[in-house]
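Below are the chains, spelled out letter by letter.
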2 protein chains.
Amino acid sequence: MRIDDTHDPARLSWVESANGHSDFPIQNLPLCIFSSEGRERVTGVAIGDFLIDLPAIAEALGDAWVEELAQPVLNAFLALGTGPRVALRQRLSHLLSDEAFRDAVDPALIGQSEATMHLPTIIGDYTDFYVGIHHATNVGRQFRPDNPLLPNYKYVPIGYHGRASSVRVSGQPVVRPSGQRKPPEADAPVFGPSRRLDYELELGVWIGPGNALGEAIPIDQAEDAIAGYCLLNDWSARDLQAWEYQPLGPFLAKNFLTSVSPFLVTPEAMAPFMVDAFVRPDGDPEPLPYLNGGSARPGLGLTVSAALTTQKMREGGMAPRRLSEGRASDAMYWTVEQIIAHHSCNGCNLQPGDLIGTGTLSTASSDGLGSLLEISKGGREPLTLPTGETRSFLEDGDELVITARAEAEGFVSIGLGECRGLVVG
Amino acid sequence: MRIDDTHDPARLSWVESANGHSDFPIQNLPLCIFSSEGRERVTGVAIGDFLIDLPAIAEALGDAWVEELAQPVLNAFLALGTGPRVALRQRLSHLLSDEAFRDAVDPALIGQSEATMHLPTIIGDYTDFYVGIHHATNVGRQFRPDNPLLPNYKYVPIGYHGRASSVRVSGQPVVRPSGQRKPPEADAPVFGPSRRLDYELELGVWIGPGNALGEAIPIDQAEDAIAGYCLLNDWSARDLQAWEYQPLGPFLAKNFLTSVSPFLVTPEAMAPFMVDAFVRPDGDPEPLPYLNGGSARPGLGLTVSAALTTQKMREGGMAPRRLSEGRASDAMYWTVEQIIAHHSCNGCNLQPGDLIGTGTLSTASSDGLGSLLEISKGGREPLTLPTGETRSFLEDGDELVITARAEAEGFVSIGLGECRGLVVG
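Where an unreviewed UniProt entry is consulted, chain A appears under the name fumarylacetoacetase, with the organism given as Sphingomonas glaciei. Quoted verbatim from the Pathway (unreviewed entry) field of the UniProt record, the comment on chain A reads "Amino-acid degradation; L-phenylalanine degradation; acetoacetate and fumarate from L-phenylalanine: step 6/6."

Each helix and strand in chain A was counted, giving 11 helices and 25 strands. Computed over its C-alpha atoms, the radius of gyration of chain A comes to 21 Å, within 12% of the 22 Å expected for a compact globule of 425 residues. In terms of its C-alpha atoms, chain A occupies a principal-axis envelope of roughly 70 × 55 × 40 Å. Taking all 425 residues of chain A together, the buried fraction comes to 62%. By sequence separation, contacts in chain A at least 24 residues apart represent 73% of the contacts at least 6 residues apart. Accessible surface, chain A: about 15400 Å² in total, of which carbon and sulfur atoms supply 49%. Placing the 32 positive and 54 negative side-chain charges of chain A at their respective mean positions leaves the two points 8 Å apart.

With that out of the way, let us pick up the packing of aromatic side chains. Under the counting rule described, the total for this entry stands at 18 aromatic pairs over all chains. When the ring of A:Trp243 is compared with that of B:Tyr155, the centres are 6.0 Å apart and the planes differ by 55 degrees; the resulting orientation is tilted. Taken as a pair, A:Trp243 in helix α6 (residues 238–244) and B:Tyr155 in the loop between α5 (133–143) and β7 (159–161) lie in two separate chains rather than in one. Given the relative accessible area of 11%, A:Trp243 is considered buried. Geometrically, the ring pair formed by A:Phe278 and A:Tyr333 is tilted, given 5.5 Å between the ring centres and 55 degrees between the ring planes. Of this pair, A:Phe278 sits in the loop between β17 (274–275) and β18 (299–300) while A:Tyr333 is found in the loop between α9 (328–331) and α10 (336–344), placing the two residues 55 residues apart along the sequence. As far as the burial class goes, A:Phe278 and A:Tyr333 line up, both buried. Positioned above the aromatic ring of A:Phe101, the side-chain terminus of A:Arg91 is 5.5 Å from the ring centre. The residue whose ring lies beneath B:Arg280 is B:Trp334, and the NZ or CZ to ring-centre distance is 4.5 Å.

What follows covers the UniProt feature "domain: Fumarylacetoacetase-like C-terminal" (unreviewed entry) in chain A. With numbering matched to this structure, UniProt assigns "domain: Fumarylacetoacetase-like C-terminal" (unreviewed entry) to residues 134–423 of chain A. Its end C-alpha atoms 26 Å apart, residues 134–423 of chain A is made of 15% helix and 28% strand.

Within the sequence span of helix α5 (residues 133–143) of chain A, burial applies to A:Ile133, A:His135, A:Ala136, A:Thr137, A:Asn138, A:Val139 and A:Gly140. The elements touched by buried residues of α5(A) are α9 and α11 (372–375) of chain A.

It takes a turn of 180 degrees to lay chain A on chain B, together with a shift of 0.0 Å along the axis; the resulting RMSD is 0.0 Å. Accordingly, the operation relating the two chain copies is best matched by a two-fold axis. Of every C-alpha in chain A, the one belonging to A:Gly249 sits nearest the axis of rotation, 2.2 Å from it. By residue overlap, the copies meet face to face through one surface: 100% of the interface positions of chain A are interface positions in chain B.

Calculation criteria
- Residues numbered from 1 in each chain as written.
- Chains lettered and ligands numbered in written order.
- Predicted model: local features only at pLDDT ≥ 70, side-chain atom pairs only at ≥ 80, totals over all residues.
- Heavy atoms only, no water.
- UniProt positions renumbered as here; feature names shortened; annotations may be inferred.
- Helix = DSSP H or I, 4+ residues; strand = E, 2+ residues; numbered from the N terminus.
- Rg over C-alpha atoms; globule rule 2.2 N^0.38 Å.
- Buried < 20%, exposed > 50% of the residue type's maximum accessible area, 1.4 Å probe, protein only.
- Contact = heavy atoms within 4.5 Å.
- Areas by Shrake-Rupley, 256 points an atom, 1.4 Å probe, with all protein chains shown as cover.
- Lys, Arg positive; Asp, Glu negative; His and termini not counted.
- Charge placed at Lys NZ, Arg CZ, Asp CG, Glu CD.
- Phe/Tyr/Trp six-rings, centres within 6.5 Å; stacked < 30°, edge-to-face > 60°.
- Lys NZ or Arg CZ within 6 Å of the ring centre and 35° of its normal.
- Least-squares fit on C-alpha atoms with pLDDT ≥ 70 in both.

Rendered as structure tokens:
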């Protein structure tokens with residue numbers, strides 16, 4: 001990915017709200033799907049506090065990709081790959097910075113507060129990985145204190161299939177799931193609402209051009225399969241998970257809801273913020289050849305945060321309490337390119353619009369833990385909030401918000417928007 | 001499900017090939033999607049050696065469900081639920097048995113040998129279960145001789161999410177997958193083609209009307225969510241699986257291909273063949289209340305079989321070697337209704353056209369083992385074929401075919417077609 005004039009920090013937009021501290025300056029331009037008065041599920045791009053209705057400015061876009069941008073989802077456009085995505089970015093950067101185009105584009109701007117956001121794609125398959133090594137270690141330690149990481153972890157980017165039907169865009173209420181749990185002292189499980197509802201702070205990856213069944217994506221081409229990034233919350237019921245997960249992995253503990261942020265932030269927008277991959281400690285094995293390679297700076301220089309507000313905090317007008325903050329590249333033992341090369345190495349076909357989760361992004365620091373399971377040490381050390389309330393896990397009325405920002409010297413910083421969910425009983 | 005005149009064993013069709021020993025007598029009438037000369041992905045029904053082009057007989061069908069049956073997949077029709085499915089069956093049974101309709105319907109018949117079959121639906125999600133208790137025991141014994149079944153097995157219908165993108169219809173070549181495997185004596189894993197490629201004999205369930213996110217399907221309504229049944233082969237790379245599966249379950253070992261038979265055999269066609277559920281041994285726990293109930297005869301009275309042909313056997317003109325045969329209801333510890341109630345009990349939404357696998361159907365008998373892993377006891381006791389060849393796992397050139405038949409006193413027996421796959425290097 002190259003840096004071009006769309007990244008110029010001096011470039012401002014005639015959309016003024018894009019020019020201060022915004023997640024969506026003219027250097028970002030994330031894609032989305034939205035509805036507003038009289039417009040149903042149209043392709044859009046965020047700029048400052050607004051959304052651009054892309055089909056409405058087809059002429060200004062040179063009547064390019066008209067069919068793909070007229071769809072109610074982004075799958076067709078993402079399937080086109082890097083070239084059209086770069087060209088659209090360049091054209092929009094030009095249209096939104098040059099006053100000469102204001103009259104043509106301004107009528108196609110809709111305030112974000114007047115829009116309803118939707119999932120950006122029809123998700124054919126959703127896969128969740130587990131590349132946060134500190135998370136895997138923290139969770140493993142609760143089960144195996146002396147040997148927290150399993151022997152395969154440093155060879156295999158561990159992942160599993162998630163449920164596509166229950167992925168929802170930010171704002172979807174989190175209905176507390178029921179299921180079987182087995183209290184430690186009980187002889188048999190009981191059925192009822194989860195008592196250990198948790199969040200997982202993750203990033204999501206949207207797939208662009210995929211691969212045919214039976215053909216792997218080599219590590220050196222994996223970058224081209226990435227269409228964009230989002231925030232992802234892998235809501236988890238820890239009590240259901242502990243009882244059900246052997247031998248085939250998590251199932252009902254996870255598939256009741258997965259939330260994502262609505263804005264697809266492109267690899268082009270992320271170009272200035274890519275960093276070195278995770279530094280493997282001395283003694284760790286080299287990646288096997290099919291996982292060794294890829295782009296020069298494959299790490300995600302994104303600072304991801306989670307914050308909690310309880311009902312009592314909201315009633316008291318209190319600010320959200322930050323639960324964690326850390327850099328994705330400090331958490332991810334495997335890069336997104338390695339994830340893609342691994343996922344397809346057996347011929348499994350990835351398809352445009354597929355969603356991949358990174359797994360929980362915890363850093364090595366105690367203030368960078370991406371789940372309550374880790375923060376409360378399995379519930380043994382509850383967190384105390386400014387109201388005096390304590391939390392081992394999420395209670396009804398709690399609202400959890402994930403955000404992320406990318407910053408780099410000499411560039412305008414960007415954000416990923418937010419991924420929000422309110423727990424209801 | 002009730003028995004009506006469509007099940008009358010005296011009813012014959014004017015399509016003569018339906019009247020002898022056929023998988024598709026007039027008492028079956030399974031749905032499908034096919035293409036033939038000049039016709040692309042049309043909805044159809046199998047009768048004897050033929051397929052009926054349903055849109056082509058819209059008028060004879062009373063112009064009912066015209067929009068749903070004009071789709072290139074069955075999702076929309078399956079979403080309509082039991083009523084329209086029953087009405088279509090009754091109408092077709094009438095049209096195909098009464099000579100008066102021969103002139104109207106005959107032009108819409110296409111020989112199966114001239115058609116290409118497709119997946120019947122766009123599969124939103126594919127979930128694979130593990131309800132074959134003898135399979136779970138046989139596999140568990142290879143890891144834990146004294147304690148083969150995990151403590152949750154008799155409480156939880158264990159399942160996990162599979163990959164929807166790599167589900168293909170019968171006939172798709174099985175490209176041997178590459179991946180990481182760790183030889184027992186090695187310090188580190190190696191990457192390359194799987195050396196322990198296996199099949200898994202399963203049944204598939206197609207979902208009709210599903211449920212909204214956050215709303216469970218009660219066990220007493222689970223029957224209404226079933227749209228039909230098929231054969232399913234969950235191709236598995238055992239060496240990849242052994243190395244990757246902890247702690248999140250099977251992934252690349254399974255997601256390179258899943259094969260299904262093209263014909264959706266309806267619950268109505270299966271009505272005479274439903275039997276009692278698996279008899280739980282004395283001392284086994286009662287199902288928890290949310291899994292206790294459902295229809296009077298929820299067991300699948302289907303005899304499922306797997307047969308192998310090697311390249312050498314084909315060259316010698318030899319018949320396929322049967323690997324296993326057994327009754328599904330003798331293998332399934334949990335019923336399909338229990339599977340559906342469990343899958344949705346946390347609010348996970350099932351959608352029309354979703355696919356559910358039962359898991360490998362092994363009976364308690366040594367000639368009813370549904371995988372080579374079990375037949376060869378983990379590769380330690382290879383099978384000898386009529387050619388003198390031996391098999392621990394599948395070799396390139398091997399072809400595996402799954403079939404199933406349903407029989408009951410006083411009824412015309414039906415079949416599910418076949419699910420076939422040839423292993424290529």
